[in-house]
Each structure stands twice: as structure tokens, then as C-alpha cells.
Amino acid sequence: MNSDTNLKFGRKVISVEEARSLLSEYVKHTEIESVPLSAAFGRRLAEDIYADHPVPHFRRSGVDGYAVCAADIEQATPENPVELRIIEQIPSGTVPKFKVYSGLAARIMTGAPVPDGADCVVMLEMTDALPLDDTGLNSSHVNIKKHVSFGSNITPIAGEIRMKELLLEQGSQIGPGEAAILATFGYSFVSVYRKPKVAIFSTGSELLNVEDALQPGRIRNSNSYMLAAQVEAAGGEAIIMQALSDDAEEVESALLETLAKVDLILTSGGVSVGDHDVLVDLFGRFTGKLLFNKVAMRPGTPTSAALWENRLLLALSGNPGASFVGFELFAKPLIKAMAGCQTPFQEAITAFLDVSYDKGSAYPRYVRGTTHAETGCLRVRPAGIDKSSIMVSIKDADCLIQLPAGGKGFAKDERVLIYPIQ
Ligand SMILES: Nc1nc2c(c(=O)[nH]1)N[C@H]1C(S)=C(S)[C@@H](COP(=O)(O)OP(=O)(O)OC[C@H]3O[C@@H](n4cnc5c(N)ncnc54)[C@H](O)[C@@H]3O)O[C@H]1N2
Ligand code: MOO
Ligand SMILES: [Mg+2]
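Conventions and cut-offs
- Residues numbered from 1 in each chain as written.
- Chains lettered and ligands numbered in written order.
- Predicted model: local features only at pLDDT ≥ 70, side-chain atom pairs only at ≥ 80, totals over all residues.
- Heavy atoms only, no water.
- Donors = N, O, S within 2.8 Å, 3.2 Å for Na, K, Ca; no water.
- Helix = DSSP H or I, 4+ residues; strand = E, 2+ residues; numbered from the N terminus.
- Domains from an automatic or database assignment.
- UniProt positions renumbered as here; feature names shortened; annotations may be inferred.
- Pairing = 2+ DSSP bridges.
- Near = heavy atom within 4 Å.
- Polar contact = N/O pair within 3.5 Å; in protein donor to acceptor, adjacent residues only side chain to side chain.
- Nonpolar A, V, L, I, M, F, W, Y, C, P; charged D, E, K, R; others polar.
- Axes fitted to C-alpha atoms, helices over the stretch in contact; angles between N-to-C directions.
- Core = buried A, V, L, I, M, F, W, Y, C linked by side-chain atoms within 4.5 Å.
- Buried < 20%, exposed > 50% of the residue type's maximum accessible area, 1.4 Å probe, protein only.
- Contact = heavy atoms within 4.5 Å.
- Areas by Shrake-Rupley, 256 points an atom, 1.4 Å probe, with all protein chains shown as cover.
- Disulfide = S-S within 2.5 Å.

**Q** Would you take a moment to explain the coordination of the magnesium ion (ligand 3) for this structure?
**A** Each angle at a metal carrying four tetrahedral donors should ideally be 109.5 degrees, and each at a metal carrying six octahedral donors should ideally be 90 or 180 degrees. Taken together, D277 (OD) and D277 (OD) make up the full set of protein donors to the magnesium ion (ligand 3), lying 2.3 to 2.6 Å away. Relative to the elements of secondary structure, D277 occurs in the loop between strand 17 (264-268) and helix 6 (278-285).

**Q** Explain the domain arrangement of the protein to me, please; I cannot follow it from the model alone.
**A** For interface size, the figure often reported is the accessible area lost on association. For the protein, the domain assignment lists domain 1 (3-31 + 194-338), domain 2 (34-53 + 165-193), domain 3 (60-155) and domain 4 (349-420). Placing a centre on the C-alpha atoms of domain 2 and another on those of domain 3 gives a separation of 38 Å.

**Q** Sorry, what's going on with the UniProt feature "domain: MoaB/Mog" (unreviewed entry) in the protein here?
**A** Under the feature "domain: MoaB/Mog" (unreviewed entry), the UniProt entry names residues 199-337. End-to-end, the C-alpha atoms of residues 199-337 are 17 Å apart, and along that stretch the chain is 35% helix and 23% strand.

**Q** It is not clear to me how the pairing of strand 21 (residues 349-353) should be interpreted in this structure. Could you clarify?
**A** For a regular strand, side-chain orientation follows a simple rule: the groups alternate between the two sheet faces. Pairing between strand 21 and strand 25 (residues 415-420): four bridges, direction antiparallel. Its bridge partner lying in strand 25, T350 is registered against L417. In terms of strand pairing, strand 21 meets strand 23 (residues 377-382) through two bridges, oriented parallel. Residue L353 lies in a different strand from strand 23, and its bridge partner there is V380.

**Q** Sorry if this is basic, but what is going on with the site of ligand 2 here?
**A** The full set of residues close to ligand 2 is R298, P299, G300, T301, P302, S317, A322 and S388. Take R298: an N or O atom from its side chain is 3.0 Å from an oxygen atom of ligand 2. Note that an oxygen atom of ligand 2 is positioned 2.3 Å from one of the side-chain N or O atoms of S388. Looking at the shell around ligand 2 residue by residue, the classes come out as three nonpolar, four polar and one charged.

**Q** How should the sheet that holds strand 16 (residues 237-240) be read in this particular structure?
**A** The strands that make up a sheet pair up through hydrogen bonds in the backbone, lying either parallel or antiparallel. A sheet is described by the order of its strands in space; here six strands give the open sequence 16-13-17-20-19-18, paired in mixed fashion. Only two strands of the sheet have a single neighbouring strand rather than two, namely strand 16 and strand 18 (289-292). Each neighbouring strand pair of the sheet contributes to a mean axis angle of 25 degrees, computed without reference to strand direction. Looking at chain direction, strand 13 (residues 197-202) and strand 16 are connected through four bridges and run parallel. From the neighbouring strand, I200 faces strand 16, where its bridge partner is I240.

**Q** What is the right way to read the nonpolar core from this model?
**A** As a rule of thumb, nonpolar side chains are buried together in soluble globular proteins. Ranked by size, the top nonpolar core spans 39 residues in total, and within it L23, L266, F327 and F330 carry the most contacts. If you list the elements that add at least two residues to this core, you get helix 2 (16-24), strand 13, helix 4 (223-233), strand 17, strand 18, strand 19 (304-308), strand 20 (311-316) and helix 7 (320-338). A total of nine residues in this core trace back to one element, the largest contributor, which is helix 7. Here this core spans two domains, and each of domain 1 (3-31 + 194-338) and domain 4 (349-420) adds at least three residues to it. The contacts of L266, once residues within four sequence positions are left out, are V198, A199, I200, F201, V231, L314, F327 and A331.

**Q** Sorry if this is basic, but what is going on with the site of ligand 1 here?
**A** In the vicinity of ligand 1, 19 residues are found, and the nearest of them are E206, N221, V271, S272 and G318. Contact between ligand 1 and V271: an oxygen atom at 3.0 Å from a main-chain N or O atom of the residue. Within the backbone of S272, a nitrogen or oxygen atom sits 3.0 Å from an oxygen atom of ligand 1. Compared with its free state, where it exposes 870 Å², ligand 1 has 66% of that area covered by protein. Looking at the shell around ligand 1, its residues break down into four nonpolar, 13 polar and two charged.

**Q** Would you take a moment to explain the state of the cysteines for this structure?
**A** Scanning the entire structure with this criterion turns up zero disulfides. C120 forms no disulfide, and the closest cysteine sulfur to it belongs to C69, at a distance of 7.7 Å. Residue C120 is classed as buried on the basis of its relative accessible area of 0%. Here C399 stays unpaired: no disulfide links it, and the sulfur of C377, its closest cysteine neighbor, is 15 Å away. With relative accessibility at 1%, the residue C399 sits in the buried group.

Laid out in C-alpha cells, this is it:
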């Protein structure tokens, strides 16, 4: 047996967990850069964010109405309203000029600072302001028709966020809630990790470009685009490279030329035992370090990985289903970790099988699944035909169903673990 044959047939199988931990050893996060907040969505914070002021930083009215002293209106009813003198108007964005004493009220708008002395705000609907002045807008007095208690409709200083509170942790992804916090605290620029650059090479002489007309025996390259979408969803920058033919030297030089320019290389195809499986050929003679070339999983058993010129190279199976699953299990956590995520491995959640799954497997199986909720339970079923070579059902997958190895298959309603795909 030559070394090439050895790599094809003498492979050592390792578990998904072992493969993941081998890859983790070589992950480092990308450099930190400062980007405008509006360009930071989906990125991960490179620093902890603390509150440098309380929120709100003034006593904030939650309604349009009158700021008054609660003690004044304890007996107020529609039949026996309490009359108070209006001392000023407080629109949002202004500060009160006067203190509210017993017998006085300040007209106030939602979001405006409550004046000193006032300890509650009565909603406009519970008042009658009379008489109107010449403009028809302002009144000198107001009748309060309902009792409201001390503190009502006022958010106290720091009622939402305390001074120096830890708001966001390094590594958290900037979504809508994070963006609102960052804007609140004046972060027009944010320190985030650079998006990991991921080059995607599909290999296979049968592959046509997307714009090409179909030819006998050939297919359009769909994996590169599927993987690029997965890379972007994981927080990376996908760089789709020209697909390569099954020519070992062409593959070697294209990969070598790209290694130094990116954080990760993904390839698809050419990892099995076929005569033209070029990645196997490359791993047999390259200067890098092969990390693994067989994983106890289906699909994607021949998934391989290497460290070459200090860069990770993840070689996924060409079959679309195996490529998709291999990405989710291995590339996604790598990209998330490179992008600064502290917890790149997704936690499994429990669901119940909606249909029986009759195929057993020597290796754990990762089935593309579709979930739905039913009477408070999460149910899951395979998303269409679950064959590695089938591409069309990938669009319906919102999770991977993890089915342990074994010969008997799985019954309807059996409890399974799933990994949501976000
Ligand atoms: N004798 C054996 N044959 C195969 C075995 C085996 O153990 N013994 N394993 C099978 C399994 S499992 C898989 S998975 C595939 C893995 O194949 P490769 O990773 O070597 O991929 P290719 O041979 O290049 O392609 C497989 C399949 O996928 C299509 N393909 C490839 N690239 C793309 C792309 N970019 N877009 C769309 N489709 C693509 C390709 O045309 C082939 O149909 O090997 C099995 N065989
Ligand atoms: O294991 Mo193959 O990798 O898809 O079925
Ligand atoms: Mg092959």
C-alpha cells in the first residue's frame, strides 16, 4: 500500500467531540477593530460594556398628565375631584423650572423629568383642565378625578439600569437589544472582532459555474453558495473561490496561495475513496498536519481537517447533505469562536419525534430536521429525504436531529436531542 492508499482506506475514525476538540486547539479570535454602531450588527463585542450613567438619569414620567403630590389627591373621585393650580408645562427634553408643593400640579409629557416635590403622575384621562385660556390650550387649574398612589407613573433614577452595572459581556453578539444599549450609552463606534475571512473552494471536474448552461454529466456548483450562506450566518465573511477541477496540483497551488489571506479554508468534495478525490491525495503529500480524516458520523464520515501554514483547512464531503451537516458541526463553532464568541458550541435541546425513523446506523446520525410546537412540546421530523446526496430538503431544515448509533432505528414520540440551526 502506498501512502495515498493508506489515507483512503486506513483511516482512523474519531468521534465528533474529539474532532471538535482537535480543531478548538488551533482557534484564535481575530483582531479587534472599531466600527460604526450601524455597521456592527451581528458582530461580537471585544469588550465588556458597563453603565457610565444610570437609566433613567432623571425621574421619568411614564404618561402624559399631571405631576402632583399623592397626599393631595387621596380623596379624589369623579364626583369629588381635587382642584390643583398648574404651575408649568414640562415637555420631553426640557427640565422643570419649579418645585411642586401641596396644592400645585405641573402638566407633564411622557418621558419628561418629573419635578422635585411631585411624587406621582396622574394620567390626563383622569383629569379635567379648566378653564382654558385665550389660546384654548392652557389652563390655570386642573381637577384631579382619581387617587393614584405614591410613585405611580414615575420611573425612578436608575429604575432600569444602575450606574456601573455590567450591561454586555465581551463576545456577545450585537442584535437589536445590544444595539439599543450601545446607542443609549453613546457608543457611536464599537470595539468588535474582525469578521473571520473564510475562503470556500468546491472541488470537482463535474462542477459548472452558476451562470453556465447545463452540460451532459455535469452539475452547477451549489455547495459553495450554500456554504457561503452558512458562513455569513455564523458571523464570517465568505469568499467564494473559483471551483477547482480534480487536479491535485491545481488544488494544492490554489489552496497554498489563499492560506495566508484568510482565517479558514473550507473545501467541499474529494475526501472519499474515489480515484479523483483530490483532497485525500493532497493530505498524503502536503507539508501540513492532518488532524483527522474520518469522523464517526453520518453523513460526512470522510470529513477531514488539517493545519497548513498555521491555518485551519476543513475539508467537507462533496455530497450537499454531508457538506451542510459538516459545516454546522465543525465550521460554525470555529467561525463563531474566531469572531469572539465565548460559547461557540450550541447546546442540544430535547424534542419528540413526529414520525418513526427506521434506519439504524453504525455511527451517530445527524438528520436535517424540521420542528414545530404542539401542545407545549417541541416535535421534530426529518426535513424531506435524508440522504447525503439530496440537496433540496436542506432549505426545510431548522435543526439537526442527533440520533445515537445503533441498529434498531427510532420510534415515533421517542425523545431525541436536536441542535437548532440559527
Ligand atoms: N466506495 C465508496 N464510495 C463512497 C464512499 C465510501 O465510503 N466508499 N463514501 C460516500 C460518502 S458517505 C460520501 S459523503 C461521498 C463523499 O464524497 P467526496 O467528499 O469525495 O465528494 P465528491 O466525490 O467530490 O462528490 C460527491 C457528490 O457530491 C457532488 N458535489 C461535489 N461538489 C459539489 C458542489 N460544489 N455542489 C454540488 N454538488 C457537489 C458530486 O457531484 C458528487 O455527486 O462519497 C461517497 N462515496
Ligand atoms: O457519510 Mo456520507 O458522508 O454523506 O453519507
Ligand atoms: Mg469522491
